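# What the coordinates show
Below, each chain spelled out in residue letters.
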Amino acid sequence: MILTGRVSGTVSPGRADRRRLAGLAVVSADGLIVVDKPGGMTSHDVVARIRRLARTRRVGHGGTLDPMATGVLVIGVGRATRLLTYVIGAGKSYAATIRLGQATVTDDAEGDVVASTPAGMVTDDAVRAALAALTGEIDQVPSAVSAIKINGERAYKRVRDGESVELPARRVTIAKLDVRAIRRDTPDVVDVDVDVTCSSGTYIRAVARDAGLALGVGGHLTALRRTAVGGFDLAEAATLAQLEERAPEVVNLPLDAAAQRFFPRRDATVEEARTLSHGGPLDPAGIAGPYAVFGPAGGLIAIVSERDGRARAEIVLAPA
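### Quick notes on the pairing of strand β12 (residues 219–229)
Summarising the sheet, strand β3 (residues 70–77) and β12 pair through two bridges and their orientation is parallel. Note that in β12 the partner of G71 across the bridge is R226. In this sheet, β12 lies alongside strand β4 (residues 92–100) in antiparallel orientation, the contact comprising nine bridges. Following the sheet pairing, R99 is matched in β12 by H220.

Structure follows, in structure tokens:
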């Protein structure tokens, strides 16, 4: 917690409190926050809320969740925003529900239904086979209504402007796609609850769409909850209401602890710490990178990778 400003003079208690609040800027510490994002908010909405709670503009998120989706959204505050590039690239896990028998323009429940085909005759075995075919390394075409940029403009904006958008396929890895339940509660549709573990850049909406296409009945996503990002999961996630209660001290994983959770660790000598903090290279340690280097006092200095026989900083995080 950083305190800036001061209060002086003799004033009434009420005015003193107002002066204190105006003159003191209590700012949250650098670090990560694992948020349990509610439905109906964009990831940017959550960032804006955290900026207010943490009383700093230096806030970012580690991987977009659609407004419909809930669950783990990793937020970086202060210097920890520089770790978010690694969080974005981490593997992710989801609990989702796929509805077979209806296709939508967005491949999820937020879009209008564009085709309906009765799915009641689709067998459980066929459902499982269609999903099994979507596991492993696959070439996946992202949903047209996505945040991917085409010539500098978001794909979803082009679709909303009436354009027909075709995005190129991307290689993604779906390590796990387990069927938890197949439900036939509504006539002509089949709802399939699944658990998914996948690489960064995988669209679960596209999994629903492609399963529906393979079965000839169409499909879309009706529920999505992200249960983990890298090593961060729902067990340590805080709701926005909980963060409101403890503001501005909203960081639950300080910078040093966050780096230690996410990366292999290397401890530097005094001389190595000095060199690295000024951007200089170190001798290699034979650690598969990237990894975090800590100084003799225990503070994080940099995230480092070894190449060409040297250990070089990707980002320097030691305070200036």
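### A short note on the nonpolar core
Formed by 49 residues in total, the largest nonpolar core has its most connected members in I50, I75, L131 and V192. With residues up to four places along the chain from it excluded, the contact list for L131 reads I98, L177, V179, V192, V194, V207 and A211. Counting 24 residues, the second largest nonpolar core, distinct from the first, contains V34, V72, A80 and A237.

### Here we look at the environment of N252
Along the polypeptide, N252 turns up in the loop between α7 (240–246) and β14 (253–254). Residue class for N252 comes out partly exposed when judged on its relative accessible area of 28%. Distance in space between the C-alpha atoms of N252 and E236 is 8.7 Å, their sequence separation being 16 residues. If sequence neighbours within four positions are ignored, N252 has contacts with L32, I33, V34, E236 and R246.

### Overview of the pattern of salt bridges
Following the criterion strictly, the structure yields 19 salt bridges and no others. Between D124 and R184 there is a salt bridge; the shortest N-O distance is 2.7 Å. Of this pair, D124 sits in helix α4 (residues 124–132) while R184 sits in the loop between β10 (170–183) and β11 (190–198), placing them 60 residues apart in sequence. Accessibility expressed as a relative area gives 39% for R184, which makes it partly exposed. Between R209 and D210 there is a salt bridge, and its shortest N-O distance comes to 2.8 Å.

### What to know about the pairing of strand β18 (residues 310–316)
As judged from the six bridges shared by strand β17 (residues 300–307) and β18, these two strands associate in the antiparallel manner. Residue S305 lies in a different strand from β18, and its bridge partner there is R312. Counted along the chain from β17 to the antiparallel partner β18, the turn is two residues long, and its residue D308 has a positive phi close to 55 degrees.

### Examining the sheet that holds strand β15 (residues 265–267)
Taken together, four strands build an open sheet; the order of strands is β15-β16-β17-β18 and the sheet is mixed. Each edge of the sheet is formed by a strand with only one pairing partner; in this case those strands are β15 and β18. Within the sheet, the average angular offset between the axes of one strand and its neighbour, ignoring direction, is 40 degrees. Running over the sheet, helix α8 (residues 255–262) touches β15, β16 (291–294) and β17 and is turned about 140 degrees from β16.

### Side note on helix α2 (residues 43–54)
The terminal C-alpha atoms of α2, which comprises 12 residues, lie 16 Å apart, in line with the 16 Å expected from a rise of 1.5 Å per residue. Restricting attention to buried positions, one finds in α2 the residues S43, V46, V47, I50, L53 and A54. Projected down its long axis, α2 carries its buried residues within an arc of 125 degrees, all on one side. Contacts from the buried residues of α2 go to β1 (31–37), β2 (59–61), β3 and α7. Phi turns positive, to about 60 degrees, at R55, one or two residues after α2.

### Quick notes on the packing of α4 against helix α6 (residues 204–215)
Remark: α4 packs on α6, axes separated minimally by 9 Å, with the N-to-C direction vectors making an angle of 125 degrees. For the element pair α4 / α6, the angle class is oblique. Both α4 and α6 take part in a crossing whose hand is right-handed. Counted together, A126, V127, A130 and L131 of α4 and V207, A211, A214 and L215 of α6 form the full contact between these two elements. Here the contact of α4 with α6 is built from residues that sort into eight nonpolar, no polar and no charged.

Rules behind the numbers
Throughout this document, residue positions are counted from 1 along each chain, in the order its sequence is written. Thresholds applied to this predicted model are a pLDDT of at least 70 for local features of residues and 80 or more for the giving and counting of side-chain atom pairs; totals over whole chains, interfaces and linings are not thresholded and use all residues. Hydrogens are left out, water is left out, and the side-chain values use all remaining heavy atoms of the structure. Strand pairing requires that DSSP identify at least two bridges connecting the strands. Put simply, DSSP H or I for four residues or longer makes a helix, DSSP E for two residues or longer makes a strand, and each gets a number counted from the N terminus. Among buried residues, those of type Ala, Val, Leu, Ile, Met, Phe, Trp, Tyr and Cys that are joined through side-chain atoms within 4.5 Å constitute a nonpolar core. For every residue, the accessible area obtained with a 1.4 Å probe (protein chains only) is divided by the maximum for its type, and the residue is called buried under 20%, exposed over 50%, and partly exposed between those limits. Residue contacts follow a heavy-atom distance rule, with two residues in contact if any of their heavy atoms lie within 4.5 Å. Just to be clear on terms, a salt bridge is a Lys or Arg side-chain nitrogen sitting within 4 Å of an Asp or Glu carboxyl oxygen. Note on geometry: axes are C-alpha line fits, over the in-contact stretch for helices, and angles between N-to-C directions span 0 to 180 degrees. The span expected for a helix works out to 1.5 Å for each residue beyond the first. Arc, as used here, means the arc of the directions from the helix axis to the C-beta atoms. Note on angle classes: values under 35 degrees are labelled roughly parallel, values over 145 roughly antiparallel, values of 65 to 115 roughly perpendicular, and the remainder oblique. A crossing counts as left-handed when the near helix is turned anticlockwise from the far one by less than a right angle, and as right-handed when that turn is clockwise. Classes in brief: Ala, Val, Leu, Ile, Met, Phe, Trp, Tyr, Cys and Pro nonpolar; Asp, Glu, Lys and Arg charged; the others, Gly included, polar.

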